[in-house]
Amino acid sequence: MALEKQEKRPVAEKGEHIIARHLIEDDYIKEEKNLVIDGVDVSGRWNTFIRTRVDSEFDRSFFREVKETVAGSRINRCWQCGMCTASCTVTPLYRRFNPRAFIYMMQLGNLKELKKYVDVAWRCVGCYKCSQRCPKQVNPAEMMEALALLIKKYFPEEMESKLKVDEDVKKIYEDMILGHGRLDLAKLHTSSMQKMGRTKELIGKMERDAIFKMIKDGRAFSILKLGRPHNWGKSKRAIENYLKNANTLERSEA
Amino acid sequence: MAENILVIGGGPAGLNAATMLSELGVKVTLAERDLFLGGNPKKFKYKFLFPDMQPADNVVGELIKKAETSSNIKVYLSSEISDFKENGKKFDAQIKSPDGNEIKTFDSVIVATGFEHFDPARDAKYSYQLFDDVIDIKDLERMMGEGNFARPSNGQPPKNVAFILCVGSRDRHVGNQYCSRVCCTVSVKQAIELREHFPDCEVYIFYMDIRTYGFFEDLYWQAMEEHDVQIVKGRVAEITSGPDNTVICKGEDTLLRGPFEIPFDMVVLASGMEGGPQSSEMAKKLGLELDEHGFLKPQNVTLALFKSNKEGIFLAGACTGPKAISDSIIEGGAAAMNAYIYAVRNH
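Residues numbered from 1 in each chain as written. Chains lettered and ligands numbered in written order. Predicted model: local features only at pLDDT ≥ 70, side-chain atom pairs only at ≥ 80, totals over all residues. Heavy atoms only, no water.

K.L.:
Please give an account of the interface of chain A and chain B that cites residues and values.
P.N.:
Of the residues lining the interface, 24 residues belong to chain A; the matching set on chain B comes to 23 residues. Here chain A meets chain B over a buried area of about 2100 Å², counting both sides, of which 56% is carbon and sulfur. On the chain A side of the contact with chain B, A:Phe58, A:Trp79 and A:Tyr104 bury the most area, a combined 31% of that side's loss. Where chain A packs against chain B, one counts five salt bridges. Between chain A and chain B we count 15 residue pairs in polar contact (both at pLDDT 80 or more) in total. The element contributing the most residues to the side of chain A that touches chain B is helix α4 (residues 99–108) of chain A, with six residues. Considering only residue class, the side of chain A that touches chain B consists of ten nonpolar, five polar and nine charged. (Contact = heavy atoms within 4.5 Å. Buried area = accessible area lost by both parts, 1.4 Å probe. Salt bridge = Lys/Arg side-chain N within 4 Å of Asp/Glu carboxyl O. Polar contact = N/O pair within 3.5 Å; in protein donor to acceptor, adjacent residues only side chain to side chain. Helix = DSSP H or I, 4+ residues; strand = E, 2+ residues; numbered from the N terminus. Nonpolar A, V, L, I, M, F, W, Y, C, P; charged D, E, K, R; others polar.)

K.L.:
A description of the packing of helix α2 (residues 60–68) of chain A against helix α7 (residues 140–154) of chain A should follow, citing residues and the corresponding values.
P.N.:
All names here are of chain A. Orientation of α2 relative to α7, taken along the N-to-C sense of each, is 125°, at an axis distance of 10 Å. With respect to α7, the axis of α2 lies oblique. Judged by the sense of rotation from one axis to the other, the crossing of α2 with α7 is right-handed. Two secondary-structure elements touch here, α2 through Phe-62, Glu-65 and Val-66 and α7 through Met-143, Leu-150, Lys-153 and Tyr-154. Classifying every residue of the contact of α2 with α7 by side-chain character gives five nonpolar, no polar and two charged. (Axes fitted to C-alpha atoms, helices over the stretch in contact; angles between N-to-C directions. Parallel < 35°, antiparallel > 145°, perpendicular 65-115°, else oblique. Left-handed = near helix turned anticlockwise from the far one by under 90°.)

K.L.:
Go over the pattern of salt bridges, please, and point to the residues and values.
P.N.:
Summed over the entire model, instances satisfying the criterion amount to 35 salt bridges over all chains. A salt bridge links A:Lys153 to A:Glu65, with the nearest nitrogen and oxygen atoms 2.7 Å apart. One end of the pair, A:Lys153, is in helix α7; the other, A:Glu65, is in helix α2, and 88 residues separate them in sequence. The class for A:Glu65 is partly exposed, based on a relative accessible area of 21%. The salt bridge partner of A:Lys67 is B:Asp228, with a shortest N-O separation of 3.0 Å. Here A:Lys67 is found in helix α2, whereas its partner B:Asp228 is found in the loop between α6 (217–225) and β14 (230–233) on a different chain. Residue classification places A:Lys67 among the partly exposed positions, given a relative accessible area of 28%. For B:Asp228, a relative accessible area of 10% corresponds to the buried category. One salt-bridge network, held together by shared partners, links B:Glu80, B:Lys96, B:Glu281 and B:Lys285. (Buried < 20%, exposed > 50% of the residue type's maximum accessible area, 1.4 Å probe, protein only.)

Written as structure tokens, this is what we have:
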């Protein structure tokens, strides 16, 4: 009977009966469809539960998993001074990208917290300033690489939904490398802007100024002189082979 | 006739002061309140000393042996100074021991009455003595010294252990605002020992700051880098009982701004040092000054840490503030030198 009633109702918003709903994040609300407790059917209005918002364990298996990777082998060294975040080129652009905090979450196996940063955790540009300055030689730059791989493993769905555009850019990048053996930044820029639907900006004032400046100082012409690297065919085959293997590996893992 | 010097307290500082003076040919009277020499390291059976893990028995044992074999040192065990008077530039002291009372005149006096471990039971939030598995660093040291290394509640090896730093230190609530200096280093030392003894046991250290000063820092690095000891920033506010015979540490992870309530098999409180009742007793009997922290007040903290406010009475070791054993031993020597100079001048 309870089931019938529920089906007649319009689609409910998660936790709609909670009065101070704005105080609770979606992840902490748990709703059971047909819940029976001690023989009493409590589905319907009473099926909503709020999970504790207090951390109740440190999961060191995650820490060990990171430590076993080459990139993350020095995770045990980090003492959270914040030198990496202070040196980071990305943090000033995305405040939520915080290498120090990511390393700490990995140390304590706090996946719940880490999940909130799926969209920014991979944004390391690999400038290695953090690794050069880290007082404990943790190598945070490579730690971010380990983090990206683990995020891919643990949160594939979130990754898929949040990183679509970037996958496209990756494709452009790959095609460019395979096609020419060189990275053409101008082309990468225009193609990715097109993919993101920001074509208009390409003829904006900033872009025009940049192009004029490059024509003036001759940099624009040097792009035309770019040829393919010597013996490119051989390297191209090797890269293609590698990518093929990597893709099959990924599929078999999944 | 040789000079007479009274040394009060037979811990590392007092023992070193006494042996050094005896080697100068001074007649030393060493008064110790306990049944044995060696002070707190002996009383609480410290096992290994940081930074190089040498057995405490070797260090203190050597000092005791020197003091006991010297013909110039007269040791009074289970004794107390029952009466103390200034006599010109000298001092008359009555030493009460099981052998009776003895009044002697001394050229100078060295006070090396040491410290007391902070009693964590005084800070109720840590539930010390309420749960068997909540112990403090001196208990753990004694457990290791006795070779009885397990969870106190059931004798099983622990699966996860938490250290809580700054218990009874840097806390206005318990009345101690100072840092006790050695508890951080002792804690990381014990964390290493735990990890070595139980490789499957995870060890966490809850800290506000980790103050392993000077070269003791090496131990801290070692604990993290070689033994995977995890440090978590935040002071624990409450210890309660948890499921499956565990104790729950409730606190805030200040780096992630999140509350936690984590069950542990064993919690070790890094309790600090206090001047103890002996410091105020000495201050009263000998007419010395106490500082605002309850330790004996030196004449000048930079220039003369070993001098008291009274001419002829010198201070050594942890009675003037929290100190490592090595520092206490050095101060014993410094106080001996100054007491000797004073004695020779006025003899």
